[in-house]
Amino acid sequence: MNNNMDYVLDVKNLSTSFISDRKEIRIVKNVSLRLRRGTTLAVVGESGCGKSVTVHSIVKLMPKNAKVSADHVIYRSAKDGKEYRLDQMEPFGTEMRKLRGAEIGMVFQDPMSSLNPVYKVGDQVAEGLIQHTGMSKAEAQKQVLDMFRKLGIPDPESRISDFPHQFSGGMKQRVVIAIAMICNPDIIIADEPTTALDVTIQAQIMELMKSLQVNDHKSIILITHNMGLVAEMADEVCVMYMGRVMEFGSLEDIFENPSHPYTQALLRSVPVLGLAEGQELGTIPGITPNPADLGPGCEFADRCPFCQDRCRQKDIPRFEVSPGHYVRCLKFDSFQEVD
Ligand SMILES: Nc1ncnc2c1ncn2[C@@H]1O[C@H](COP(=O)(O)OP(=O)(O)O)[C@@H](O)[C@H]1O
Ligand SMILES: [Mg+2]
């Protein structure tokens, strides 16, 4: 396998802005990230920094007032060995719909937004299978039962005929994971999948996701603002602030050699690392600016203890401080600059 094939998803310079009141506001700025096959990439950062907009832009589920551009967004399918340029596809064309359902599964924060209250859960899970494979309803139903068993939904034979409101929050989220998983996708994008759940259930769902990644060799993008989860789940970490990837590296790079002042501040805001579930980001001195009010230069400048005049002049490039470890900060301008 050559090096490139290791990456199931390769995003280069993805930018998204929204047009409102005839003004264009840049929300995601030149985001580059790669998801290595069979691993978990955590995307972490405070609320509002553009995590959801980034993944929605990748899978092209964006509202009409959004403008998305990228050098490339490449998906490499293990199923047919082909490369797909997602950035060049029609958002709701046949190809993109097929990839979204069958190869890239999605789990969002609020399970109710992904479930239809008036359909039986079993039918909702079966729907994707029937649509993407053309299999019979009876066959699909059998696979749904197997999936429910695998995901630890008790008494699946009777539960498939229930409606969403008959499920607890944690069980609903398992149903959403079943929908995401049923066509056996390569990638699962989980956007704060446990934020709406209580801590014990969070831990169970995360264990489930980890087992899918390890046993079924799934590649996962996990969006979270919970550093405890990052420490438990991630192989690589992408730290975002105000639409920028400030730092990208392996779990060790980020936790043992955090280099961007923002990453350092994030880690300081977590009292003890690597243990408790449910450990949220604490507060970092200063306030998150309004994206419309940002001046030139580093987005973190106003809150950064190391800020100098030159930090406020122009976009800060990425520097590769060690192989695969990128930092967007002028403190590292003696290292190789990458685009
Ligand atoms: N449809 C939209 N129109 C205008 N602005 C939006 C839209 N969706 C999100 N935003 C803005 O984009 C920024 C990033 O949002 P989001 O990606 O949801 O953050 P998070 O990191 O919490 O997932 C926020 O400032 C949000 O207000
Ligand atoms: Mg979000």
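Residues numbered from 1 in each chain as written. Chains lettered and ligands numbered in written order. Predicted model: local features only at pLDDT ≥ 70, side-chain atom pairs only at ≥ 80, totals over all residues.

1. Quick look at the overall build of the protein chain
- Helix and strand counts for the protein chain stand at eleven helices and 14 strands.
- Its C-alpha radius of gyration of 20 Å places the protein chain within 12% of the 20 Å reference for a compact globule of 339 residues.
- With the C-alpha coordinates of the protein chain rotated into their principal frame, the extents come out at 65 × 50 × 40 Å.
- Taking all 339 residues of the protein chain together, the buried fraction comes to 40%.
- For the protein chain, long-range pairs separated by at least 24 residues make up 63% of all intrachain contacts whose partners lie at least 6 apart in sequence. (Helix = DSSP H or I, 4+ residues; strand = E, 2+ residues; numbered from the N terminus. Rg over C-alpha atoms; globule rule 2.2 N^0.38 Å. Buried ≥ 20, exposed ≤ 12 C-beta atoms within 10 Å, placed from the backbone. Contact = placed C-beta atoms within 7 Å.)

2. Some remarks on the site of ligand 1
- As a matter of local geometry, ligand 1 sits amid 14 residues, with Phe18, Ile27, Lys51, Ser52 and Val53 nearest to it.
- Of all elements in the fold, only strand E1 (7–20) and helix H1 (51–58) reach the threshold of two or more residues within the shell around ligand 1.
- Looking at the shell around ligand 1, the element that brings in the most residues is H1, giving three residues.
- Split into classes, the residues belonging to the shell around ligand 1 amount to six nonpolar, seven polar and one charged. (Near = placed C-beta within 6 Å. Nonpolar A, V, L, I, M, F, W, Y, C, P; charged D, E, K, R; others polar.)

3. A few points about the sheet that holds strand E3 (residues 40–44)
- A sheet is described by the order of its strands in space; here nine strands give the open sequence E7-E8-E9-E3-E10-E11-E13-E12-E14, paired in mixed fashion. Both edges of this open sheet fall to strand E7 (104–107) and strand E14 (336–338), since each of them pairs with a single strand only. Ignoring which end each strand starts from, the neighbouring axes of this sheet average 25° apart.
- In this sheet, strand E9 (residues 219–224) lies alongside E3 in parallel orientation, the contact comprising five bridges. (Pairing = 2+ DSSP bridges. Axes fitted to C-alpha atoms, helices over the stretch in contact; angles between N-to-C directions.)

4. A word on the environment of Ser17
- Structurally, Ser17 is set in strand E1.
- For Ser17 and Gly243, which are 226 residues apart along the polypeptide, the C-alpha to C-alpha distance reads 9.9 Å.
- In this structure Ser17 touches Glu24, Ile25, Arg26, Ile27 and Lys67, once residues within four positions along its chain are discounted.

5. Description of the packing of helix H7 (residues 169–181) against helix H8 (residues 199–215)
- Look at H7 against H8: their axes get within 10 Å of each other, and the N-to-C directions meet at 20°. In terms of orientation, H7 lies roughly parallel with respect to H8. Considering only the axes of H7 and H8, their crossing is right-handed. Each of Gly169, Gly170, Gln173, Ile177 and Met181 in H7 lies in contact with H8, whose residues at this interface are Ile201, Gln204, Ile205, Leu208 and Leu212.
- Residue composition of the contact of H7 with H8, by class: six nonpolar, four polar and no charged. (Parallel < 35°, antiparallel > 145°, perpendicular 65-115°, else oblique. Left-handed = near helix turned anticlockwise from the far one by under 90°.)

6. Description of the nonpolar core
- Of all hydrophobic cores here, the largest spans 86 residues; its most connected members are Ala42, Val125, Ala178, Ala190, Ile221, Cys238 and Val239.
- Here the element with the most residues in this core is H7; it accounts for eight residues.
- If sequence neighbours within four positions are ignored, Ala42 has contacts with Leu222, Thr224, Val230, Met233, Ala234 and Val237. (Core = buried A, V, L, I, M, F, W, Y, C linked by C-beta atoms within 7 Å.)

7. Examining the confidence of the model for the protein chain
- In this model, the protein chain carries a mean pLDDT of 91, and residues with pLDDT of at least 70 account for 94%.
- Low confidence marks residues 273–278, where pLDDT is under 50. Its contacts with residues over four positions away, or in another chain, come to 15 contacts. (pLDDT = per-residue confidence, 0-100.)

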